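Tertiary structure, described
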Amino acid sequence: IGGYYAPGIEVLGDVTNSGSFSMFSSNYGSYLLKIDGNLINSVGGSFTLGYDAPFFPFPFSAYNIAGSVVNSGTIELIGALPVQVTLQVNGDVNNSGQITMSGGSVLGIGGTLTNDVGGSFLLNGPSNQASVGGSIVNSGVIDLEGASTLQVNGSISNSRQITTSYYGNGGNTLTVAGRLINGV
């Protein structure tokens, strides 16, 4: 779905995905996809948002989820620097699947990020930015690569793995405004 100056799509409720959903755009402006409810991405579900117009570099492609996200599949944000692909989730994110960011993507989570056992939250770089308005509860894997940034306005409770530069792509920043509780 998408295209040059394509109008935005607004879903007036929840979105449940167990198949494949991809939205790439060369558009810019207020939003390209707005979900007024929650996103439930089930096992086997692939939900991909991106920007694919390297010849027309607009400042951003914006996506918005007014509710929360429950992910047990795969969610990908694919940017094309210098263009930022931005996803704002106003609620919580509960992840037992994989959330991957690349190419200068930006993810804002208004609530708490719960990364369950088997969950991966990966900022693959270059220059991805994620912010969590609440706290992080991690029982999975969180990794920052390629000059990526993770800002947590609450605390982090970690019982598994949080790394920066695990694959050798350094220059990352992890900022925690609250407490880091490790090994819980």
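If you're wondering where the values come from, they're calculated on a predicted model, not measured in any experiment.

1. What to know about the overall build of the chain
- Helices and strands together make up the secondary structure of the chain, namely zero helices and 23 strands.
- Per-residue burial over the chain gives 43% buried out of 184 residues.

2. As for unusual backbone geometry
- Across the junction of glycine 125 and proline 126, the peptide omega takes the value -5°, indicating a cis bond.
- Locating proline 126 in the fold gives a position in the loop between β15 (120–123) and β16 (129–132).
- The phi dihedral of alanine 147 falls on the positive side, at around 65°, and the residue is not glycine.
- Within the fold, alanine 147 resides in the loop between β18 (141–144) and β19 (149–152).

3. Examining the side chain of asparagine 172
- Topologically, asparagine 172 is positioned in the loop between β21 (161–164) and β22 (173–176).
- On the basis of relative accessibility, which here comes to 16%, the residue asparagine 172 falls in the buried class.
- Among the polar contacts listed, one links the side chain of asparagine 172 to the backbone nitrogen of glutamate 145, at a separation of 3.4 Å.
- Here the side chain of asparagine 172 touches glycine 146 through a polar contact of 3.4 Å, landing on its backbone nitrogen.
- Once residues within four sequence positions are removed from consideration, asparagine 172 is found in contact with Leu144, Glu145, Gly146, Ala147, Ser148, Thr164 and Ser165.

4. Re the packing of aromatic side chains
- The full count for this structure, using the stated rule, is two aromatic pairs.
- On the numbers, 4.8 Å between centres and 10° between planes, the contact of phenylalanine 21 with phenylalanine 47 is stacked. Taken together, the residues phenylalanine 21 in strand β3 (residues 20–25) and phenylalanine 47 in strand β6 (residues 46–51) connect sequence positions 26 residues apart.
- Pairing tyrosine 166 with tyrosine 167 gives two aromatic rings, centres 5.0 Å apart and planes at 80°, and the pair type is edge-to-face. Here tyrosine 166 and tyrosine 167 have matching classes, each one exposed.

How each quantity is defined
Residues numbered from 1 in each chain as written. Predicted model: local features only at pLDDT ≥ 70, side-chain atom pairs only at ≥ 80, totals over all residues. Heavy atoms only, no water. Helix = DSSP H or I, 4+ residues; strand = E, 2+ residues; numbered from the N terminus. Buried < 20%, exposed > 50% of the residue type's maximum accessible area, 1.4 Å probe, protein only. Polar contact = N/O pair within 3.5 Å; in protein donor to acceptor, adjacent residues only side chain to side chain. Contact = heavy atoms within 4.5 Å. Phe/Tyr/Trp six-rings, centres within 6.5 Å; stacked < 30°, edge-to-face > 60°.

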